[in-house]
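Chain and residue survey
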There are 2 protein chains.
Amino acid sequence: MKNRTRQAIIDAAIDLLAGNPACSLGDIAAAAQVGRTTLHRYFAERADLLAAVGAEGGERLVRAATLADLERGTGAEALLRLCREYFDLGSLLSLMFSGQGGECWDSQDEQFLVRVIERGHNDGSIDPQLPADWVLSLLWSQLYAAWAYLGERKDSSRHQVLDLLTRTLANALAPGRS
Amino acid sequence: MKNRTRQAIIDAAIDLLAGNPACSLGDIAAAAQVGRTTLHRYFAERADLLAAVGAEGGERLVRAATLADLERGTGAEALLRLCREYFDLGSLLSLMFSGQGGECWDSQDEQFLVRVIERGHNDGSIDPQLPADWVLSLLWSQLYAAWAYLGERKDSSRHQVLDLLTRTLANALAPGRS
DNA sequence: CCGCGATGGAACAACTGTGTTCCACTACGA
DNA sequence: TCGTAGTGGAACACAGTTGTTCCATCGCGG
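Quantities reported herein were computed from a predicted structural model and do not represent experimental measurements.

Topic: the domain arrangement of chain A
Residues and elements named next belong to chain A.
- On domain assignment, one finds that chain A holds domain 1 (1-44) and domain 2 (54-173).
- Counting from both sides, the interface comprises 7 residues of domain 1 and, opposite them, 7 residues of domain 2.
- Here domain 1 meets domain 2 over a buried area of about 590 Å², counting both sides, of which 63% is carbon and sulfur.
- Across the contact surface, domain 1 and domain 2 share 1 salt bridge.

See the structure below:
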């Protein structure tokens with residue numbers, strides 16, 4: 001099963017690189033339960049593996065965005081649905097946030113999200129005083145915070161943390177009560 | 001001026017480590033406009049430099065917390081003042097957030113902040129449904145987001161970004177409008 | 001049973017970062 | 001002028017990572 005092995009390597013790479021972007025290929029190979037030789041057989045250079053990880057990450061992001069059905073409801077509702085889908089991406093979040101997210105983040109996708117936020121500006125569900133790119137920064141940083149929070153405190157359930165995340169994010173984006 | 005050199009090295013280390021926690025000592029020495037030999041003369045091992053950076057970071061954090069005068073006003077007001085002070089710490093934020101913040105983060109300081117947040121729970125300025133440690137995660141993640149946002153978009157002024165940060169953080173912490 | 005694809009291990013050279021030693025240079029005060 | 005503290009450069013050995021080559025092993029279908 002060639003694809004099997006390839007996928008195992010990419011999955012392990014995502015997990016390890018999320019925690020330590022400078023981790024060695026030997027560590028990744030070990031985590032994937034694969035010899036370092038085999039890893040090099042699939043990805044000749046480190047850069048090749050990073051590219052594959054970036055591509056995989058990009059796919060997962062697009063898939064999550066599709067699942068979120070961003071056209072439906074108000075801008076804020078769509079963004080919160082996206083937030084829930086992204087939260088399920090797990091350690092990929094750390095990789096996008098701390099690592100070189102530029103590798104897999106398509107500016108086309110970003111433009112799409114900006115339009116969703118602007119929809120929220122117009123329908124009154126997102127404070128128009130918050131620029132769209134600031135809202136995106138906020139989304140990513142809170143996603144990362146929630147993921148890290150879940151990792152540190154094993155006693156809180158995934159659902160509880162997701163609830164905190166959506167509550168604070170929704171509040172942060174809501175227009176003032178004036 | 002021995003202290004002069006030492007401080008230049010630490011400052012350069014904070015700036016460079018914030019961007020790349022795995023950067024080489026040679027890079028840090030160059031950024032500090034100091035020979036690598038001199039760097040090793042002040043900090044025999046890499047760990048020694050990291051410890052000094054941690055100590056410096058801890059001092060700056062405590063100083064910022066003191067300036068914020070956390071005993072005054074409601075819990076939320078105190079936290080927002082702290083946020084403003086922390087924002088001025090600049091690249092140190094990245095180091096605390098992405099890097100091994102555990103090096104300089106004193107659990108005693110953390111307990112103090114937890115009490116401030118609990119004060120906010122009691123005086124009605126912070127949503128009691130948000131656990132104190134989640135509020136802290138939120139504070140750090142939004143601080144980091146704001147700092148990164150400012151770094152990417154040189155056209156937005158420090159004041160504008162700080163305004164966005166305090167607005168969204170204040171909203172996120174506010175109790176529900178029910 | 002044989003061949004073949006996939007794999008893992010061992011060994012290697014090249015490179016980078018680290019820590020050390022030694023020597024030369026400069027500034028400054030006695 | 002001399003001595004000394006602070007510094008920088010060159011060179012070295014050492015360790016870890018990387019990329020490569022070669023060979024041995026395992027499973028499976030012909």
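Re the nonpolar core
- Formed by 122 residues in total, the largest nonpolar core has its most connected members in Tyr86(A) and Tyr86(B).
- Contact partners of Tyr86(A), with chain neighbours within four places excluded, come to Leu61(A), Ala64(A), Leu93(A), Trp105(A), Leu113(A), Trp140(A) and Leu143(A).

Side note on helix α4 (residues 46-67) of chain A
Residue and element names in this part refer to chain A.
- For α4, with 22 residues, the first-to-last C-alpha span of 32 Å sits near the 32 Å given by 1.5 Å per residue.
- Buried residues of α4: Leu49, Ala52, Val53, Gly54, Glu56, Gly57, Gly58, Arg60, Leu61 and Ala64, and no others.
- The secondary structure elements touched by the buried residues of α4 are α1 (2-19), α2 (25-31), α5 (75-87), α6 (92-97) and α8 (132-152).
- Residue Asp69 follows α4 closely and has a positive phi angle near 50 degrees.

A closer look at the interface of chain B and chain A
- The interface is formed by 26 residues belonging to chain B together with 26 residues belonging to chain A.
- For the pair chain B and chain A, the summed buried area comes to about 2,500 Å², and 60% of that belongs to carbon and sulfur atoms.
- In this structure, the connection of chain B to chain A is made through 2 salt bridges.
- The residue Arg153(A) makes a salt bridge to Asp133(B) at a minimum N-O spacing of 2.9 Å.
- The tally of links from chain B across to chain A stands at 6 residue pairs in polar contact (both at pLDDT 80 or more).
- Put simply, the parts of the chain that give the side of chain B that touches chain A at least two residues each are α8 (132-152) and α9 (158-173) of chain B.
- Looking at the side of chain B that touches chain A element by element, the count peaks at 10 residues for α8(B).

Thoughts on the relation of the copies chain B and chain A
- Rotating chain B by 180 degrees and translating it 0.0 Å along the rotation axis places it on chain A, where the RMSD comes to 0.0 Å. Taken together, the rotation angle and the small translation identify this as a two-fold axis. It is Ala172(B) whose C-alpha, among those of chain B, lies nearest the rotation axis, at 2.2 Å.
- Both copies contact each other with a shared surface, as 100% of the interface residues of chain B are interface residues in chain A too.

Examining the protein's contact with DNA strand D
- The local shell around DNA strand D holds 17 residues, among which Leu25(A), Arg46(A), Thr5(B), Thr38(B) and Tyr42(B) are the closest.
- A share of 50% of the atoms of DNA strand D within 4 Å of the protein falls on sugar and phosphate groups.
- Thr37(B) is positioned such that a nitrogen or oxygen atom in its side chain is 3.1 Å from a base nitrogen of DNA strand D.
- Put simply, the parts of the chain that give the surface near DNA strand D at least two residues each are α3 (36-42) of chain A together with α1 (2-19) and α3 (36-42) of chain B.
- The biggest single contributor to the surface near DNA strand D is α3(B), with 5 residues.
- The residue makeup of the surface near DNA strand D, split by class, is 4 nonpolar, 7 polar and 6 charged.

Notes on the packing of aromatic side chains
- Within the structure shown, the criterion is met by 10 aromatic pairs over all chains.
- Between Tyr86(A) and Trp140(A) the ring centres are 5.2 Å apart and the planes differ by 25 degrees, which places this aromatic pair in the stacked class. Pair noted here: Tyr86(A) is in helix α5 and Trp140(A) is in helix α8, with a separation of 54 residues, a long-range link. Taken as a pair, Tyr86(A) and Trp140(A) share a single burial class, namely buried.
- Note on Phe97(A) and Tyr144(B): the rings are 5.3 Å apart at their centroids and 55 degrees apart in plane angle, and the pair reads as tilted. Here Tyr144(B) lies in helix α8 and Phe97(A) lies in helix α6, a pairing that spans two chains. Each member of the pair Phe97(A) and Tyr144(B) is classed as buried.
- Grouping aromatic residues by their ring pairs yields a cluster made of Phe97(A), Tyr144(A), Phe97(B) and Tyr144(B).

Observations regarding the protein's contact with DNA strand C
- Taken together, the neighbourhood of DNA strand C is formed by 17 residues, with Lys2(A), Thr5(A), Thr38(A), Tyr42(A) and Leu25(B) sitting nearest.
- Taken together, the sugar and phosphate atoms account for 49% of what DNA strand C places within 4 Å of the protein.
- In the model, a phosphate oxygen of DNA strand C is placed 2.8 Å from a nitrogen or oxygen of the Gly35(A) main chain.
- Note that a phosphate oxygen of DNA strand C is positioned 2.8 Å from one of the side-chain N or O atoms of Arg46(B).
- If you list the elements that add at least two residues to the surface near DNA strand C, you get α1 and α3 of chain A together with α3 of chain B.
- At 5 residues, the largest contribution of residues to the surface near DNA strand C is made by α3(A).

Quick notes on the rules
- Residues numbered from 1 in each chain as written.
- Chains lettered and ligands numbered in written order.
- Predicted model: local features only at pLDDT ≥ 70, side-chain atom pairs only at ≥ 80, totals over all residues.
- Heavy atoms only, no water.
- Domains from an automatic or database assignment.
- Contact = heavy atoms within 4.5 Å.
- Buried area = accessible area lost by both parts, 1.4 Å probe.
- Salt bridge = Lys/Arg side-chain N within 4 Å of Asp/Glu carboxyl O.
- Core = buried A, V, L, I, M, F, W, Y, C linked by side-chain atoms within 4.5 Å.
- Buried < 20%, exposed > 50% of the residue type's maximum accessible area, 1.4 Å probe, protein only.
- Helix = DSSP H or I, 4+ residues; strand = E, 2+ residues; numbered from the N terminus.
- Expected span 1.5 Å × (residues − 1).
- Polar contact = N/O pair within 3.5 Å; in protein donor to acceptor, adjacent residues only side chain to side chain.
- Least-squares fit on C-alpha atoms with pLDDT ≥ 70 in both.
- Near = heavy atom within 4 Å.
- Nonpolar A, V, L, I, M, F, W, Y, C, P; charged D, E, K, R; others polar.
- Phe/Tyr/Trp six-rings, centres within 6.5 Å; stacked < 30°, edge-to-face > 60°.

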